[in-house]
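If you want the building blocks of each chain, they are given just below.
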Amino acid sequence: MSGYYLISKIEKLPYYKYKGDALHLVNQTARTVDEVVIGIKGQPYLKSKITTFRDSDGNIIERAMDFFGKPYKNRVYNMRDNIIEPDEYVKSVHIKEYVLPKSLKEAHIQSVEQGYKRTLLWTPVKFFTNHLSENIITGEKVLTQVTQSNLMKPQKETHTFVEYPHIINGKIQNYAKKILRFSVDTLNEYKINKNNILEQNSKLPQNDSFLGIRALDINDSKTAFTQKFLSERKLKNKRIKINPNYIAGNNDEELMKGMFDPNEGVINFIKGYIFKSKSEVCHTSRHETEHGWQFYLHARNTKGGASEWEEKIYNLFRDLPKKLKKEAEEYTKSIRSYVTISENREQYRKNFIEMCANEQGNKSRILYNNERAEIQKEFPHIPIELL
C-alpha cells in the first residue's frame, strides 16, 4: 500500500494473553487473536489497527477495525455448512457490519457494563452472506452473495442477490454475473417496492409472499416472520412484543423453541435452541402468533384474564363481538385445563390451543417452502435452509 507501512503483526496469540483494547460486539470468548498495526509514512503518530478474533477452529468470529480519522468499524461473523443434494457442499458466512463514532467509545463501554446490548450505540451498515459452493465431483465453485443494505431506512431497505461467474478448472468463466435487487418495507409486512427493482440475468419472483424475508439470516428472521404474522393476524397494535433471544427460566421453557407469555404479552424465542432452517423459524413464529391471538381473545372473553397484559387488553378493547365469542370460549376452556409439556408430553400436544397453533404453523411452513421455488430456481447455489 503506497504511503503505508507495517508497524507490527501478531498471529494466533492466545486470547488470555491479549492485552489490547479493541471493542467487542460478541459475547463469545475467542480462542486466538490476530493483530495488524499499520502506519502512515512520515506521520509516526497516525496508526490504524485491525484485530481479528477467532474460535477454537480458527474461524473468524469478529474483526475490529480502528482506522485513524474514521469511526470504529466491527464485523461479526457466523459460519455454517450445508449440503445441496446430491454433490454440492456450501460454506455460508454471514457477516454483520457496524460503525461507532469514536466520540461514543466511553458511552459504549459504560452501556455494556450496565448490561445493555453490545450493539446499542452502533449503527448497522450492512448485513451480508457469502455462500461459496463446490461440487465435490467436478470441482466447480460458485459464489453467491446476499446483502441487506440501507438499513437505516427500514421502509426502503435494499436486498441484493448476486451470483458471480462460476469457477471451473480454476478459471473464472467469462459471462456477466446474475443480479436481483429490490427494496423492502420492513415496517409493512416486509413487502416489496415494485418500483425499485434491478433484474440482470434474473427475474423477480412474482408469487412469493415471503420474498422480503428471503435475504435475512436465520436469527434475524425470527422477528421478521413474527412481525409479518402479527400484522396478518390483526394483532399489530395489540401490545404484543417480540424477544428473539429469551433465556429459558424453567424446565418447561428449556424444552421449547418458542413460547407466548400471556403475563407480559411477549412472543419469546428460546435463546438456547438452534434453529436448523428459516422454514422451521416460520413454523414456530406462526405457531406462537396464534397463541397470541388465542390469549388476546381469552383476555377479552374473561374481562381481563389472570395477568397484567390480559387486563390491559380488556381495558383497551373491551367485550368481544358476538361473532368471536364461540371461538374465544373454546380457547378459554383449553387455557384453563392446559397441561404443560413437562407434566405430560402427549397430553400437552392434545391441548386444543396447541393443536390449533400447530395447524397454523404447518400451513405457513408449507406455504413458505412452496413459494421458495421461484427464488431457488434463480439462485440454486444457496442452501434452502437459509433461503
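Given the structure is predicted, the values throughout are model-derived calculations rather than measurements.

1. Brief notes about the overall build of the chain
Link 1 in the chain: Across its full length, the chain carries nine helices and 16 strands.
Link 2 in the chain: With the principal axes as the frame, the chain shows a C-alpha extent of 80 × 50 × 40 Å.
Link 3 in the chain: Relative to its full complement of 387 residues, the chain shows a buried share of 46%.
Link 4 in the chain: Of the accessible surface of the chain, which amounts to about 21,000 Å², a share of 49% is contributed by carbon and sulfur atoms.

2. Considering the packing of helix α2 (residues 218-232) against helix α4 (residues 278-301)
Link 1 in the chain: Where α2 meets α4, the closest approach of the two axes is 9 Å, and the angle between their N-to-C directions is 40°. As judged from the angle between their axes, α2 and α4 are oblique. Between α2 and α4 lies a crossing whose hand is right-handed. Here α2 contributes I218, S221, K222, F225, T226, F229 and L230 to the contact with α4, which in turn contributes K278, V281, C282, S285, R286 and T289.
Link 2 in the chain: Of the residues assigned to the contact of α2 with α4, the class counts are six nonpolar, four polar and three charged.

3. Here's the deal with the pattern of salt bridges
Link 1 in the chain: Applying the stated criterion to the full structure yields 16 salt bridges.
Link 2 in the chain: Among the salt bridges present, the one from D81 reaches K91, with a minimum N-O distance of 3.2 Å. A residue pair is termed long-range when its members are at least 10 positions apart, and D81 in strand β5 (residues 72-84) and K91 in strand β6 (residues 88-100) qualify at 10 residues.
Link 3 in the chain: Given a relative accessible area of 44%, D81 falls into the partly exposed group.
Link 4 in the chain: For K91, a relative accessible area of 31% gives the class partly exposed.
Link 5 in the chain: Notably, a salt bridge pairs K228 with E232, separated by 2.9 Å at the nearest N-O pair. Placement of the pair is K228 and E232 together in helix α2, with a separation of four residues, close to one helical turn.
Link 6 in the chain: Judged by its relative accessible area of 41%, E232 is partly exposed.
Link 7 in the chain: Each member of the salt-bridge network shares a partner with another, and the members are D21, K49 and K105.

4. Overview of the side chain of E310
Link 1 in the chain: Tracing the chain through its elements places E310 in helix α5 (residues 308-317).
Link 2 in the chain: Although E310 lies buried, it forms no salt bridge, and the closest oppositely charged side chain, R336, sits 9.1 Å away as judged by the N-O distance.
Link 3 in the chain: In terms of polar contacts, E310 uses its side chain to reach the backbone amide nitrogen of S307, at 3.0 Å.
Link 4 in the chain: When neighbours within four sequence positions are excluded, E310 is seen to be in contact with P262, F295, H298, A299, G304 and G305.

5. Some words on the packing of α4 against α5
When two helices pack together, their arrangement is given by the angle between the helix axes and the distance between those axes.
Link 1 in the chain: Here α4 crosses α5 at 65°, and the two axes come no closer than 8 Å. With respect to their mutual orientation, α4 and α5 come out roughly perpendicular. Of the two possible hands of crossing, α4 and α5 adopt the one that is right-handed. Contacts from G292, F295, Y296, H298, A299 and R300 of α4 reach α5 at W309, E310, I313, Y314 and F317.

6. Examining a nonpolar patch on the surface
Link 1 in the chain: Taken together, the side chains of I83, Y89, I136 and I137 make up a nonpolar region of the molecular surface, amounting to roughly 420 Å² of accessible area.
Link 2 in the chain: Locating I136 in the fold gives a position in the loop between β7 (123-135) and β8 (141-149).

7. Quick look at the pairing of strand β4 (residues 60-66)
Link 1 in the chain: Burial within β4 is extensive, with five of its seven residues counted as buried.
Link 2 in the chain: Across six bridges, strand β3 (residues 43-54) lies against β4 in antiparallel orientation. What sits directly across from R54, in β4, is I60.
Link 3 in the chain: Counted along the chain from β3 to the antiparallel partner β4, the turn is five residues long, and its residue G58 has a positive phi close to 90°.

8. Examining the sheet that holds strand β15 (residues 258-261)
Link 1 in the chain: Spatially, three strands are ordered β14-β16-β15 in an open sheet, and the strand pairing comes out mixed. Here the strands that pair on one side only, and so sit at the sheet edges, are β14 (241-246) and β15. Shown here is a sheet whose adjacent strand axes are inclined to one another by a mean of 20°, direction ignored.
Link 2 in the chain: Relative to β14, α2 is tilted by about 160°, and along the sheet it contacts β14 and β16 (266-270).
Link 3 in the chain: Docked against the sheet, α4 engages β15 and β16, running at close to 15° with respect to β15.

9. Some remarks on helix α8 (residues 352-371)
Link 1 in the chain: For α8, with 20 residues, the first-to-last C-alpha span of 29 Å sits near the 28 Å given by 1.5 Å per residue.
Link 2 in the chain: Of the positions making up α8, those classed as buried are I353, E354, C356, A357, G361, S364, Y368 and E371. Buried residues of α8, seen end-on, are gathered within an arc of 165° and therefore sit on one face of the element.
Link 3 in the chain: Contacts from the buried residues of α8 go to α2, α4, α6 (322-336), α7 (345-350) and α9 (373-378).

10. Examining the nonpolar core
Link 1 in the chain: In terms of nonpolar packing, the biggest core is built from 46 residues, with F161, F182, F225 and L297 touching the most fellow members.
Link 2 in the chain: Elements that contribute at least two residues to this core include exactly β12 (178-185), α2, β16, α4, α5, α6 and α8.
Link 3 in the chain: With seven residues, α4 is the largest single contributor of residues to this core.
Link 4 in the chain: Not counting residues up to four positions away in its chain, the partners in contact with F225 are F210, I213, K278, V281, C282, S285 and Y368.

Conventions used here
Residues numbered from 1 in each chain as written. Predicted model: local features only at pLDDT ≥ 70, side-chain atom pairs only at ≥ 80, totals over all residues. Heavy atoms only, no water. Helix = DSSP H or I, 4+ residues; strand = E, 2+ residues; numbered from the N terminus. Buried < 20%, exposed > 50% of the residue type's maximum accessible area, 1.4 Å probe, protein only. Areas by Shrake-Rupley, 256 points an atom, 1.4 Å probe, with all protein chains shown as cover. Axes fitted to C-alpha atoms, helices over the stretch in contact; angles between N-to-C directions. Parallel < 35°, antiparallel > 145°, perpendicular 65-115°, else oblique. Left-handed = near helix turned anticlockwise from the far one by under 90°. Contact = heavy atoms within 4.5 Å. Nonpolar A, V, L, I, M, F, W, Y, C, P; charged D, E, K, R; others polar. Salt bridge = Lys/Arg side-chain N within 4 Å of Asp/Glu carboxyl O. Lys, Arg positive; Asp, Glu negative; His and termini not counted. Polar contact = N/O pair within 3.5 Å; in protein donor to acceptor, adjacent residues only side chain to side chain. Patch = residues over 30% accessible without salt bridge, like charges linked within 9 Å, V, L, I, M, F, W, Y side chains within 5 Å. Pairing = 2+ DSSP bridges. Expected span 1.5 Å × (residues − 1). Arc of directions from axis to C-beta. Core = buried A, V, L, I, M, F, W, Y, C linked by side-chain atoms within 4.5 Å.

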